[in-house]
Amino acid sequence: MTLPGWTREPLVHFLLLGIALFLFFAWKGEPVDPASRTIAISQEDRARIALTWERTMQRPPTDAELDTLTETWLREEILYREALRLGLDRDDAVVRKRLANKMDFLASSIAETAQPSDQTLRDWLEAHPQRFADDTTYSFDQLYFAGKSDAAAALERVRDDGDWSGLGQVIDLPATREGVSSQAVEKQFGIAFFEALQTIEDTGEWSGPVASGFGWHLVRLRDRAVGTVPAFEDIRDRVENDWRLATLERRKQDAYQLLRDAYEVTVEK
Amino acid sequence: MKKILGIVVLVAVLAAAIWWLFIRHDPVAKAEDVAEAEAAVTIADYPQQVLWGDTHLHTDNSIDAFGFGTRLGPDAALKFARGEKVTATMGMEAQLARPLDFLVIADHSDGLGATRRLYDAPRFMIQDDTLLRWHDMMQESPEQSQLAIAELITAASNGTLPDALRDPENQAENTRNIWQAHLATLDKYYEPGKFTPLAGYEWTLMPGGNNLHRVVMYRDGYDRTSQILPAPALDGNITALFDHMDAYEQSTGGKVLAIPHNSNLSNGLMFELTQADGGPMTAETARRRALREPVVEATQIKGDSESHPFLSPNDEFAGFGDVGWEIGNLSLTAFKEDDQLAGEYLREALKRGLSIEQQTGANPYKFGMIGSTDSHTTLATGDEDNFFGKHTGNEPNGERANAEQNLGTRVGRFGWNYLAGGYAAVWAKANTRAEIFDAMMRREVYATTGPRMTVRFFGGFDLGETDFAGDWVADAYKGGVPMGGELSDEGKAPQFIVSALKDPDGAHLDRVQIVKGWITADGTTREKVFDVVWSDMDTRRSVGGKLPAVGNTVNREEATYTNDIGAPQLQTVWTDPEYRAGQNAFYYVRVLEIPTPRWTLFDAVRFGIELSEEAQKYAVAQERAYTSPIWIGPAPAAP
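Residues numbered from 1 in each chain as written. Chains lettered and ligands numbered in written order. Predicted model: local features only at pLDDT ≥ 70, side-chain atom pairs only at ≥ 80, totals over all residues. Heavy atoms only, no water.

An unreviewed UniProt entry lists chain B under the name DUF3604 domain-containing protein, with Pontixanthobacter aestiaquae given as the organism.

Chain A goes by Parvulin-like PPIase in an unreviewed UniProt entry, where it is assigned to Pontixanthobacter aestiaquae. Quoted straight from UniProt, the Catalytic activity (unreviewed entry) entry for chain A says "[protein]-peptidylproline (omega=180) = [protein]-peptidylproline (omega=0)". (UniProt positions renumbered as here; feature names shortened; annotations may be inferred.)

(A) Highlighting the overall build of chain A. Tallying secondary structure elements over chain A gives nine helices and four strands in all. Start at the N end of chain A and walk to the C end: the helices and strands fall as α-α-α-α-α-β-α-β-α-α-β-β-α. The C-alpha radius of gyration of chain A comes to 33 Å, more than 25% above the 18 Å expected for a compact globule of 269 residues. Once the C-alpha set of chain A is aligned to its principal axes, its extents read approximately 100 × 55 × 50 Å. Going through the 269 residues of chain A one by one, you find that 30% of them count as buried. Within chain A, contacts between residues at least 6 apart in sequence are counted, and of these 71% link residues at least 24 apart. Of the roughly 17200 Å² of accessible surface on chain A, 54% is carried by carbon and sulfur atoms. Distance between charge centroids for chain A: 6 Å, based on 33 positive and 47 negative side chains. (Helix = DSSP H or I, 4+ residues; strand = E, 2+ residues; numbered from the N terminus. Rg over C-alpha atoms; globule rule 2.2 N^0.38 Å. Buried < 20%, exposed > 50% of the residue type's maximum accessible area, 1.4 Å probe, protein only. Contact = heavy atoms within 4.5 Å. Areas by Shrake-Rupley, 256 points an atom, 1.4 Å probe, with all protein chains shown as cover. Lys, Arg positive; Asp, Glu negative; His and termini not counted. Charge placed at Lys NZ, Arg CZ, Asp CG, Glu CD.)

(B) Broad picture of the sheet that holds strand β15 (residues 481-482) of chain B. All names here are of chain B. Ordered by their spatial adjacency, four strands build an open sheet running β15-β14-β17-β20, and the pairing between neighbours is antiparallel. In the strand order of this sheet, the two ends are held by β15 and β20 (569-575), each with one partner. Here strand β14 (residues 454-460) pairs with strand β17 (residues 495-501) via seven bridges, running antiparallel. From the neighbouring strand, R456 faces β17, where its bridge partner is S499. Docked against the sheet, helix α15 (residues 472-479) engages β14, β15, β17 and β20, running at close to 35° with respect to β14. (Pairing = 2+ DSSP bridges. Axes fitted to C-alpha atoms, helices over the stretch in contact; angles between N-to-C directions.)

(C) Examining the interface of chain B and chain A more closely. With 48 residues of chain B in contact, the opposing surface of chain A contributes 36 residues. Interface area, chain B with chain A, both sides summed: about 3500 Å², of which 55% is carbon and sulfur. Among the residues of chain B in contact with chain A, Q49, E173 and P504 of chain B are the three that bury the most area, contributing 15% of the side total. Seen at the junction of chain B and chain A, the total is one salt bridge. Linking chain B with chain A are seven residue pairs in polar contact (both at pLDDT 80 or more). For the side of chain B that touches chain A, the leading source of residues is helix α1 (residues 2-23) of chain B, giving six residues. Counted by class, the side of chain B that touches chain A contains 20 nonpolar, nine polar and 19 charged residues. (Buried area = accessible area lost by both parts, 1.4 Å probe. Salt bridge = Lys/Arg side-chain N within 4 Å of Asp/Glu carboxyl O. Polar contact = N/O pair within 3.5 Å; in protein donor to acceptor, adjacent residues only side chain to side chain. Nonpolar A, V, L, I, M, F, W, Y, C, P; charged D, E, K, R; others polar.)

(D) Structural view of helix α7 (residues 182-189) of chain A. Residue and element names in this part refer to chain A. Burial within α7 is extensive, with six of its eight residues counted as buried. By the burial criterion, the buried members of α7 are S182, A184, V185, E186, Q188 and F189. For α7, the secondary structure elements touched by its buried residues are β1 (137-145), β2 (176-181) and α8 (191-199). Taken from the residues just after α7, G190 is the one with a positive phi, measuring 95°.

(E) Just empty space enclosed by the protein, in detail. Residue and element names in this part refer to chain B. In total, this model carries seven cavities of 30 Å³ or more according to the counting rule given. Approximately 450 Å³ is the volume attributed to the largest cavity. The wall of the largest cavity is formed by 33 residues, among which D64, I153, M206, H213 and L330 lie closest to the centre. Put simply, the parts of the chain that give the lining of the largest cavity at least two residues each are α3 (63-68) and α7 (142-158). The element contributing the most residues to the lining of the largest cavity is α7, with five residues. Each residue belonging to the lining of the largest cavity can be placed in one class, and the counts come to 15 nonpolar, eleven polar and seven charged. (1 Å grid on protein atoms, 1.4 Å probe; cavity = no way out; pocket = protein on both sides within 12 Å on 5 of 7 lines; lining within 4 Å. Points joined across faces, edges and corners; volume = space filled by probe spheres on them.)

(F) Spatial organisation of the pairing of strand β8 (residues 256-260) of chain B. Residue and element names in this part refer to chain B. Most of β8 sits out of view: five of its five residues are buried. Across five bridges, strand β7 (residues 214-218) lies against β8 in antiparallel orientation. Along β8, the bridge assignment pairs V215 with I259.

(G) Here's a closer look at the packing of helix α6 (residues 129-140) of chain B against α7 of chain B. Residue and element names in this part refer to chain B. The interhelical angle for the contact between α6 and α7, taken along N-to-C directions, is 145°, at an axis separation of 6 Å. Facing R133, W134, M137, M138 and E140 of α6, the residues of α7 in contact are Q144, S145, L147, A148, E151, L152 and A155. Class assignment of the residues belonging to the contact of α6 with α7 gives a composition of seven nonpolar, two polar and three charged.

(H) Representation of helix α13 (residues 346-360) of chain B. All names here are of chain B. Over its 15 residues, α13 runs 20 Å from end to end, which matches the ideal 21 Å to within 8%, given 1.5 Å per residue. As for α13, its buried residues are in contact with β9 (295-300), β11 (368-371), β18 (509-519), β19 (525-534), β21 (585-593) and β25 (630-633). Positive backbone phi, at 90°, marks G361, one or two positions downstream of α13. (Expected span 1.5 Å × (residues − 1).)

(I) Quick look at the domain arrangement of chain B. Residues and elements named next belong to chain B. With domains assigned, chain B is organised as domain 1 (49-114 + 168-442) and domain 2 (453-633). Measuring from the centre of the C-alpha atoms in domain 1 to the corresponding centre in domain 2 gives 24 Å. Taken together, the 46 residues of domain 1 in the interface contact 55 residues of domain 2. Of the roughly 4200 Å² buried at the junction of domain 1 and domain 2 (both faces included), carbon and sulfur atoms supply 56%. When the area that domain 1 buries against domain 2 is broken down by residue, the three leading residues are F317, W416 and W427, summing to 19%. Run the count over domain 1 and domain 2 and you get nine salt bridges. We note a salt bridge from R98 to D503, for which the minimum N-O separation is 2.8 Å. The tally of links between domain 1 and domain 2 comes to 23 residue pairs in polar contact (both at pLDDT 80 or more). Elements with a minimum of two residues in the side of domain 1 that touches domain 2: α13 and β11. If you tally residues by element for the side of domain 1 that touches domain 2, the top one is α13, at eight residues. (Domains from an automatic or database assignment.)

(J) Quick look at the domain arrangement of chain A. When cut into domains, chain A gives domain 1 (97-133 + 230-268) and domain 2 (137-225). Using C-alpha coordinates to define each centre, domain 1 of chain A is positioned 44 Å away from domain 2 of chain A.

(K) Region of the structure containing the packing of aromatic side chains. Residues and elements named next belong to chain B. Taken as a whole, this structure holds 27 aromatic pairs over all chains when the rule is applied. Ring geometry for F414 against W416: centres 6.4 Å apart, planes inclined by 10°, an arrangement best described as stacked. Judged by centre distance (5.5 Å) and plane angle (20°), the rings of F457 and F496 are stacked. Of this pair, F457 sits in strand β14 while F496 sits in strand β17; the two residues are 39 residues apart in sequence, bridging distant segments of the chain. The exposure classification of F457 matches that of F496, with both residues buried. Sitting over the ring of F66, R71 keeps its end group 3.8 Å from the ring centre. (Phe/Tyr/Trp six-rings, centres within 6.5 Å; stacked < 30°, edge-to-face > 60°. Lys NZ or Arg CZ within 6 Å of the ring centre and 35° of its normal.)

(L) The arrangement of the UniProt feature "domain: PpiC" (unreviewed entry) in chain A in detail. If you check UniProt for "domain: PpiC" (unreviewed entry), the listed places come out as residues 116-237 of chain A in our numbering. Structurally, residues 116-237 of chain A comprises 35% helix and 25% strand, and the distance from its first C-alpha atom to its last is 11 Å.

(M) Structural view of the confidence of the model for chain A. Across chain A, the average pLDDT comes to 82, with 92% of residues at 70 or higher. Looking over chain A, one finds the lowest element-wise mean pLDDT in helix α4 (residues 93-113) of chain A, namely 72, and the highest in β1 of chain A, namely 93. (pLDDT = per-residue confidence, 0-100.)

(N) Highlighting the side chain of D322 of chain B. Residue and element names in this part refer to chain B. Residue placement: D322 occurs in the loop between β10 (303-304) and α13. Buried within the structure, D322 lacks any salt-bridge partner; R624 is the closest side chain of opposite charge, at an N-O distance of 8.5 Å. Not counting chain neighbours up to four residues away, the residues in contact with D322 comprise D304, S307, H308, P309 and Y345.

Spelled out as structure tokens, the structure:
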């Protein structure tokens, strides 16, 4: 059975979650009713308190300790309810921000924990190939000269007889590079050289003089291999990370927009 | 109706359980993927290209960074470092022109995430008066928030932090959650061979405001690092940290090192001649220290610790980035006496190492040098033209250069005292955690104050002459030792090969110097700076032992310079002309660029402001690199 497309929409998930929450609370009643002065502490509540303690202390609490913990919890709960009764939650910037954060978190937590299907990720890869494409790589030879005129003169010589051995001045840069990434070229030769390299044709002919931060170069670009997108199987993790981060942001925004649209806002200026 | 709803809830619970048991994101499984990717990386025979990184970056998990206003976390830090555009806390877009190769996020272990929790905590839940006041200040405004954190730092250094913040038991649960989530994030961004996040934290020992901080850095991934918690420092001492490191290595089989930093703010305590308790240093302490701390951070935003004019009066280039930081300790709760400087600056510490070695047989201060940022903005920016500030309060704005920057104290430091930070240059055989870590252990690293110049440094006795063409590097590895290495005295003068290539997108080089420190038979330590190669050697001649200045092309109105002076590359083979057989010594290289504008000058032009007279005086500087030393000493006795 194939589910219809709309079931994959995050908006629908969010709405369903909202409805489920609404129904759940409608069924169960308000968890904390400020007006209520009845507090029942169930076995489960005590187990939860004990568990929190155990995670910190690496051992279960004794009965006496658990009683104290329960007492502390109760004290907090009573003060919390009374604070709500007094309306201390209103006009408190922190409470306001905290609740807003929780709403944001609610919207994004689904994306955080969701396990996308391979199809979702394949679609994502197809929609954003440039984020995963291998770097373009370059294979080239270069000769270095401190002065531009020396470089120009050498270019004529090398064009005449094709022999470049012994030409160029000594510098601690490789004369020959095979299949190096754009990033590596830029890192080693600098931004100016890299930009120039992008405009050179990969005909295997010498060209120049090309400026760099070091001086001047003659360049022979032998091959430019434009990056390809790797097979999905090889980069599944990367795709998933990328999908997750982007989806997280979008869901937060979508969820907010949904709520925002229901409000009419006027701003006096 | 209730029945239907009950079923709905039951189904939801079942679905959640299935997710938790079977398809939840699992960091341990991820660790296996990481190991596989690491295994696929080619390891070179010897280091071919230098890797650039920052080992000292803070995000919103740091107690002070959050308080200062940073709202960006580790994800943003890693994206930024690998070259992506991010929006800084104060709203500006930020991107590195050139990405970094590796990054250590070093959030403070004390109170990891505590300020963020304090900030988020409901007001009525906070029982401690001091915490409540800080909470309110953090909410009130960025300025008040900074003031609150200044108070917090002072309280930490005076040992008067509220119990809720100092009690490690109290913090353990929170720390564990943040630490493990952080480690999982690191694995997510790790691309072996391309970009490497390493696990680490900052250990912040600060007795009386004297800075004894270390960055702790791990070689390992989630499977090992998640087994421990970062060591707290506030009530500790250095032995406790070393014990913690030993215990980690023994229990997990992993590896860890520590990097002292801002020794310039320790009021003489970082590189003492004695034990911490005042007695003479034992060989065991010395050995332990050398083993645990193979590298030291020589330069960063809060000043440069390489040399000081008081200690090196004959070195005209000593004193880079010292202004403002030499008046007292970190919190400025104690001013500095001249006799404390010797325990603070690296060159002197290297000399002290020789002294202690002469007395005990072990050298505690046999360290290499790196630079880093110590940025608290989540953004690792080490360049002058993109300085994003020490903390969010001085992300680029018109006031920051002239502003008083005393973090709550009322004396002496200004915005312009801050440096733009530095970088760690690492000669690793591949861009992986293991290779980067191992390069630091063998000290094959160097520091720069920001520019990415490529510096090679080899020492040996039979290196021969080189024309610096062909495979000279491979030959040098065969015939000698690289930076960080040790030579056994053979009774003849050691020979050194230096090669410095400018930053391809930066300024030309002025000169290359070799700094030598040695100890005489009677125990006196000495130092000397040799100019070994410089630009325009034909016309720039040494007069009375001093080389004329390279010149200055900086246009102060436009914050520009030209590369009309200096040289793109400086290389030489140098033999120590003052070698004495049997004398223990170290040699390290200092490379100077031609003068360039500092970040303050870029600010002045960008924001159209007038720099104060003092700020103006220090608006142009010669940026530099420091290599790790090569030591020479007696051959180790045959076993």
